[in-house]
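# Chains, contacts and geometry: an overview
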Amino acid sequence: MQDVAGSHPPAAHPSDQARTALATDRSPLGEAARWAVDLLTAPAPPAEDAVAARFVPPTPGRTARDFLVRLREWREQGPFTVEAYEPVAHKAWIVLAGAGGARHTLSLTLDSTGLVRLFTLRPETVIPYVGTWAEVEDALRTPGVQHSVLAARLTPAGPDGPAGPDGPGSPDGPADPEILHESAAGLPMPTGSAYKLFLLRALLGAVEEGRVSWDDEVVVRPESRSLPTGDMQELPDGTRVSVRETATKMIAISDNTAADLIVGLLGRKAVEDSLADAGHHDPALLRPFLTSREFFELGWGDPARLAEWARRDEAGRRALLREIDGPLTVGLADLGETVHRTGLDWFMDAHDVLRVLDGLRRDSARDTTGTAERILTANPGLPVDRDRWSRVYFKAGSSPGVMMYSWLFEDAAGEAWVLVLRQCADEQKTIGDGLFLRGIGRRIAESGLLSAVTR
């Protein structure tokens, strides 16, 4: 993430600190990041079998041999030196300076076993400093892209505010948000995997009511497999996984197959019945509640079915889902054109995301096992300043032409803020890989904008 001129920049992080951080990171991610940098800087490229051993099982067009072809092209842009290192959960971003000073970002993603799922090298995404909300809006304003921002402070419900089960103003009641800034926040937009937040609330409710236990198990079957993100789709048929592990993967690595297994466990109707209480302003926008497998099958399978989805009402769409019940027939290579204009995605506005995050915070407070909190804090989405933020919840969402990032930040005093950033476009290339939107989120979190009370 390159620094450019703007308002009130934070202190610079020298490249030697980044190199030290990379060299001393003894985590599996740190070891993988050093290996990845070595691939680009070693005197010679590695052998094919050595590369294959580090990656998840190959798919067509994504073999070790294919990767080595790209690696040789990347190495020609060197020699490289490390300028920045940013590890977060199972992902790392390493900024490298190449020949002539050109800067690149090496993006690395591991699966839950430590194997490499994603390895890319691209020109560095330049993120401007933002010190005002006007600068945030200017940074996000892109031709052909609809964007939305919501930033709010969550204040306890007052005597006249929303009531919890113990009455008006009770700690169990939803917070009364103080809006710091919003643009198009009330516009329902496609949000990709943000639906998993609502799914988690439905699961937490089932656990709290005793209908589901964290130690219950789900079973991986051919018809339950989806596409990445995640890695549960690669488990053998009949593999049994605890609800605890499945829910953790659903949030921490946005595992699509995990989410589909949770929908199967709870039942589509139970999930749909929970949406209003979970915080969605118009649950009809999420009915029928899609699994990710259904989303992929409808979006990039038979084009006639996608056209039918666009034409049909809710009852007709439910009938269409029954027609595609079975194992997935499309792969990652089939994904291309955007489909959200047909109404195929998970639609919500930014206030829905705020309410579900606030609800999850309250759910976690009631969970005496601590499981909900561990799930919600497993991946903060960005490096966290623990002197400032004692708790961070994070969920991103994406699909072709769609990008969404959301955070709940809480300080040591228990005050919380929510930030929701969304983008939507008719073409994926106008949005890119999400690094820019995530970078803006990081800039906001590092600034004083979330603690300011004036718009």
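Preceding this paragraph is the structure being described.
Now for a description of the structure that goes with this document. What you are looking at is a predicted structure, and each value in this text was computed from that prediction instead of being measured.

The strand order 10-7-17-16-15 describes an open sheet built from five strands, whose pairing is antiparallel. Only two strands of the sheet have a single neighbouring strand rather than two, namely strand 10 (176–183) and strand 15 (391–399). Pairs of neighbouring strands in the sheet enclose a mean axial angle of 10 degrees, with direction left out of account. Note that strand 7 (residues 145–155) and strand 17 (residues 416–425) share ten bridges and pair antiparallel.

Between helix 11 (residues 303–311) and helix 12 (residues 314–323), the shortest axis-to-axis distance is 9 Å and the interhelical angle comes to 155 degrees. Comparing their axes, helix 12 and helix 11 come out roughly antiparallel. Two packed elements cross with a definite hand, and for helix 11 against helix 12 that hand is left-handed. Contacts between helix 11 and helix 12 involve Arg-305, Glu-308, Trp-309 and Ala-310 from the former and Arg-317, Leu-320, Leu-321 and Glu-323 from the latter. Looking at the contact of helix 11 with helix 12 residue by residue, the class counts come to four nonpolar, no polar and four charged.

Our focus in this paragraph is the pattern of salt bridges. Tallied over the entire structure, the rule returns 36 salt bridges. Glu-234 is the salt-bridge partner of Arg-117, the closest N and O atoms lying 2.9 Å from each other. Taken as a pair, Arg-117 in strand 5 (residues 116–123) and Glu-234 in the loop between strand 12 (217–219) and strand 13 (240–242) lie far apart in primary sequence, 117 residues in all. Owing to a relative accessible area of 37%, Glu-234 belongs among the partly exposed residues under this scheme. Residues Asp-358 and Arg-361 are paired through a salt bridge, measuring 3.9 Å at the closest nitrogen-oxygen approach. Pair noted here: Asp-358 and Arg-361 are both in helix 13 (residues 350–366), with a separation of three residues, about one helical turn.

Here we come to the sheet that holds strand 3 (residues 91–97). In spatial order, the strands read 2-3-4-5; together these four strands make up an open sheet with antiparallel pairing. One side of each edge strand has no neighbouring strand; the edge strands of this open sheet are strand 2 (81–88) and strand 5. If you compare each strand with its neighbour and ignore which way they point, the axes differ by 15 degrees on average. Two strands pair when backbone bridges link them, and strand 3 and strand 4 (residues 103–110) are joined in this way by seven bridges, in the antiparallel orientation. When the bridges of strand 4 are listed, Ala-97 appears paired with Arg-103. Docked against the sheet, helix 15 (residues 435–446) engages strand 2, strand 3 and strand 4, running at close to 75 degrees with respect to strand 2.

Each value, and the rule that gives it
- Residues numbered from 1 in each chain as written.
- Predicted model: local features only at pLDDT ≥ 70, side-chain atom pairs only at ≥ 80, totals over all residues.
- Heavy atoms only, no water.
- Pairing = 2+ DSSP bridges.
- Helix = DSSP H or I, 4+ residues; strand = E, 2+ residues; numbered from the N terminus.
- Axes fitted to C-alpha atoms, helices over the stretch in contact; angles between N-to-C directions.
- Parallel < 35°, antiparallel > 145°, perpendicular 65-115°, else oblique.
- Left-handed = near helix turned anticlockwise from the far one by under 90°.
- Contact = heavy atoms within 4.5 Å.
- Nonpolar A, V, L, I, M, F, W, Y, C, P; charged D, E, K, R; others polar.
- Salt bridge = Lys/Arg side-chain N within 4 Å of Asp/Glu carboxyl O.
- Buried < 20%, exposed > 50% of the residue type's maximum accessible area, 1.4 Å probe, protein only.

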